[in-house]
Amino acid sequence: MAVHLMRETDKLKKMVLSLAAHVEENVRAAVRSVIERDQALAYRTIETDHLIDIAEVDVEEECLKILALHQPVAHDLRYIVAMLKINRDLERIGDLAVSMAERAIQMIAKPKPKTTFDLGAMCELCEKQVSHSLDAMINRDANLAREIWLSEDDRIDTMMAEAFQKVETEIREHPENTEPLMNILSVARSLERIADHATNIAKDTIYMVEGEIVRHRKRKYREQMAAAQQNASPG
Amino acid sequence: MNDTPDAPPDITLKAINWNFYYGSNHALHDITMDIPRRQVTAFIGPSGCGKSTFLRCINRMNDLIDGVRAEGSLLLEDQELNSNDVDVIALRRRVGMVFQKSNPFPKSIYENVIYGLRIAGVNNKSVLDDTVERCLRKAALWDEVKDRLNHSALQLSGGQMQRLCIARCIAVNPDVILMDEPCSALDPLATSRVEDLIAELKQDFTIIIVTHNMQQAGRVSDLTAFFYMGKLIEMDKTQKLFTNPGKKQTEDYITGRFG
């Protein structure tokens, strides 16, 4: 029995869970600092990011240690490799939460600009995607992960395009509002990138569970699904 | 899954519904597999799973045991091995074997290498000299022993003796080399030499290796076959088997969660 390896992977799992919880918390705090114009929350997000950095290094060292000492194979190997990659995505999400918090501080210093772009909705969508991807990772749920990969991420991208369009028009109409509007766009960009990292986590979760690398294969996968559906429905 | 239909596989050895019995003990059940030419195939599985038994079927080593019986077909280059007509001596010239414990003869290094040729009646000195150099070079042993070819083989280190046995094995130019845990008695450095050698040898020979060391199977083989309780559970490209095995039993065995 691989008792030693199991003990090590359990330990790694706890470390990643704690890191993920912290990252999710900081995303939530950053979002609230923007939406509710809460300066204290923004500062807290910035100040606690170094703990995420430390945890990221710890997780990486743990993964390397397991690879070197236990030479895992099959699902054990896929688990460690997925954690190595997810670890990096989590840390980046933490950094993007900091960027958002920094923008929040600038935004709070100025009066709230009028915009038709619904930043709150985008925040909600992004937070949901992060929490879904972490749920998928924790519960080894490849179906949920596939849903994030195939549909949720597209919704965020659509919203980003909308943000560009609306903010551009509004800057043209109210050039005096350029700075706060640019801040909104910057926050939207951070949200989009956070969602991208959440999608990476979903893709690595699919690899971890099913052993298939799905990156760069979205279109092919959809074509296969469509073909399968067509074959399934007679006539 | 089978999305890489490269070139049609060139098969050296083919087993079709191969069953093997030690008296009433049914040791191998319906083994069907293809061993491709000039590749390394690793057999893995827990002790008593039948992998060594199957290996020994290939050069009919099991014939030496009373009460054995085989059913099915085992084809070496399309020649049926499960037949009374097989010239077992000739077969063993075509199917060389390297054992867990190196077994050099208590003779000189030189005589060990050409032992097979001497039996075959070759006495031409220059042919023998050439063979000794060629095989010792191929076995990556030449530089270490070229100045003492007439010394006793028993003076060599464990790793050197094992490479000498490999040199002796390839001197008769077999089609297949069977290796039954060839490194289990060697230290890591000697193991690594033998593993390097396996990579060299597969350019000329079809190699089948039984190993308990999963990392070794991963390092040296192109294909891996997992045996359990006398059955072939799964055989696939080594990379696939060790990253994403198709069967739960394989997964449990290679990740050490067995039983």
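This is a predicted model, so every value here is computed, not measured.

**A short note on the pattern of salt bridges**
Residues and elements named next belong to chain A.
Working step 1: Overall, the coordinates contain 32 salt bridges over all chains when judged by the stated rule.
Working step 2: Between E25 and R28 there is a salt bridge, with the nearest N and O atoms lying 3.4 Å from each other. You can see E25 and its partner R28 sitting in helix α1 (residues 3-35), three residues apart, about one turn around the helix.
Working step 3: We classify E25 as partly exposed; its relative accessible area is 33%.
Working step 4: Look at R28 and you get partly exposed, because its relative accessible area is 35%.
Working step 5: Through salt bridges with shared partners, a single network forms among E8, K11, E62 and K65.

**Concerning the interface of chain B and chain A**
Working step 1: Counting residues at the interface gives eleven residues for chain B and twelve residues for chain A.
Working step 2: In total, chain B and chain A occlude about 1,100 Å² of area from one another, counting both sides; carbon and sulfur atoms represent 48% of this.
Working step 3: When the buried surface of chain B facing chain A is broken down by residue, T243, N244 and R257 of chain B rank first, second and third, together holding 45% of it.
Working step 4: Between the two partners, chain B and chain A, sit one salt bridge.
Working step 5: In this structure, the salt-bridge partner of D76 of chain A is R257 of chain B, at a minimum N-O distance of 2.7 Å.
Working step 6: At the boundary of chain B and chain A, one finds eight residue pairs in polar contact (both at pLDDT 80 or more).
Working step 7: Among the secondary structure elements, those contributing two or more residues to the side of chain B that touches chain A are α10 (238-243) and α11 (248-254) of chain B.
Working step 8: Of the residues contributing to the side of chain B that touches chain A, the split by class is four nonpolar, five polar and two charged.

**Here's the deal with the environment of N143 of chain A**
Residues and elements named next belong to chain A.
Working step 1: Here N143 lies in helix α5 (residues 142-173).
Working step 2: The exposed category is assigned to N143, whose relative accessible area is 56%.
Working step 3: Here the alpha-carbon distance between N143 and T205, two residues 62 residues apart in the chain, equals 9.8 Å.

**What about the sheet that holds strand β8 (residues 206-210) of chain B?**
Residue and element names in this part refer to chain B.
Working step 1: Strand order across the open sheet formed by six strands is β6-β7-β8-β3-β9-β10, with mixed pairing between neighbours. The two strands at the open ends of the sheet, each matched to only one other strand, are β6 (95-98) and β10 (231-237). Taking the axes of each pair of neighbouring strands and ignoring which way they run, one obtains an average angle of 20 degrees across the sheet.
Working step 2: Relative to β8, strand β7 (residues 176-180) runs parallel, the two sharing five bridges. Residue pairing for β8: D180 is matched across the bridge by V210.

**Considering unusual backbone geometry**
Working step 1: In this structure, A74 of chain A takes a positive phi of about 50 degrees despite not being glycine.
Working step 2: Here A74 of chain A is to be found in helix α3 (residues 74-108).
Working step 3: Residue A74 of chain A is classed as buried on the basis of its relative accessible area of 0%.
Working step 4: Its identity is not glycine, yet N17 of chain B carries a phi of approximately 45 degrees, on the positive side.
Working step 5: Looking at the secondary structure, you find N17 of chain B in strand β1 (residues 11-22).

**What to know about the sheet that holds strand β4 (residues 68-76) of chain B**
Residue and element names in this part refer to chain B.
Working step 1: The antiparallel open sheet is built from four strands, whose spatial order is β2-β1-β4-β5. Looking along the sheet, the strands with just one partner apiece sit at the ends: β2 (25-36) and β5 (79-80).
Working step 2: Here β4 runs beside β5; their pairing, made up of two bridges, is antiparallel. Among the inter-strand pairings, L75 is bridged to a residue of β5, identified as E80.
Working step 3: Helix α1 (residues 51-58) rests against β1, β2 and β4 of the sheet, and its axis sits at about 115 degrees to β1.

**A few points about the pairing of β2 of chain B**
Residues and elements named next belong to chain B.
Working step 1: Pairing between β1 and β2: eight bridges, direction antiparallel. Note on β2: the bridge partner recorded for A15 is M33.
Working step 2: Where β1 hands over to β2, the hairpin turn is made up of two residues, of which G23 adopts a positive phi near 60 degrees.

**What about the pairing of β8 of chain B?**
Residue and element names in this part refer to chain B.
Working step 1: Counted residue by residue, β8 has five buried out of five residues, so it is predominantly covered.
Working step 2: What you see with β8 is no split at all: T206, I208 and V210 on one side and I207 and I209 on the other are buried throughout.
Working step 3: The pairing of strand β3 (residues 40-44) with β8 spans four bridges and is classified as parallel. Its bridge partner being in β8, V40 is matched across the sheet by I207.

**A word on the confidence of the model for chain B**
Working step 1: Chain-level pLDDT for chain B is 92 on average; 97% of the residues reach the 70-or-more range.
Working step 2: Scored as a whole, the predicted complex attains pTM 0.82, and scored at its interfaces, ipTM 0.73.

Rules behind the numbers
- Residues numbered from 1 in each chain as written.
- Chains lettered and ligands numbered in written order.
- Predicted model: local features only at pLDDT ≥ 70, side-chain atom pairs only at ≥ 80, totals over all residues.
- Heavy atoms only, no water.
- Salt bridge = Lys/Arg side-chain N within 4 Å of Asp/Glu carboxyl O.
- Helix = DSSP H or I, 4+ residues; strand = E, 2+ residues; numbered from the N terminus.
- Buried < 20%, exposed > 50% of the residue type's maximum accessible area, 1.4 Å probe, protein only.
- Contact = heavy atoms within 4.5 Å.
- Buried area = accessible area lost by both parts, 1.4 Å probe.
- Polar contact = N/O pair within 3.5 Å; in protein donor to acceptor, adjacent residues only side chain to side chain.
- Nonpolar A, V, L, I, M, F, W, Y, C, P; charged D, E, K, R; others polar.
- Pairing = 2+ DSSP bridges.
- Axes fitted to C-alpha atoms, helices over the stretch in contact; angles between N-to-C directions.
- pLDDT = per-residue confidence, 0-100.

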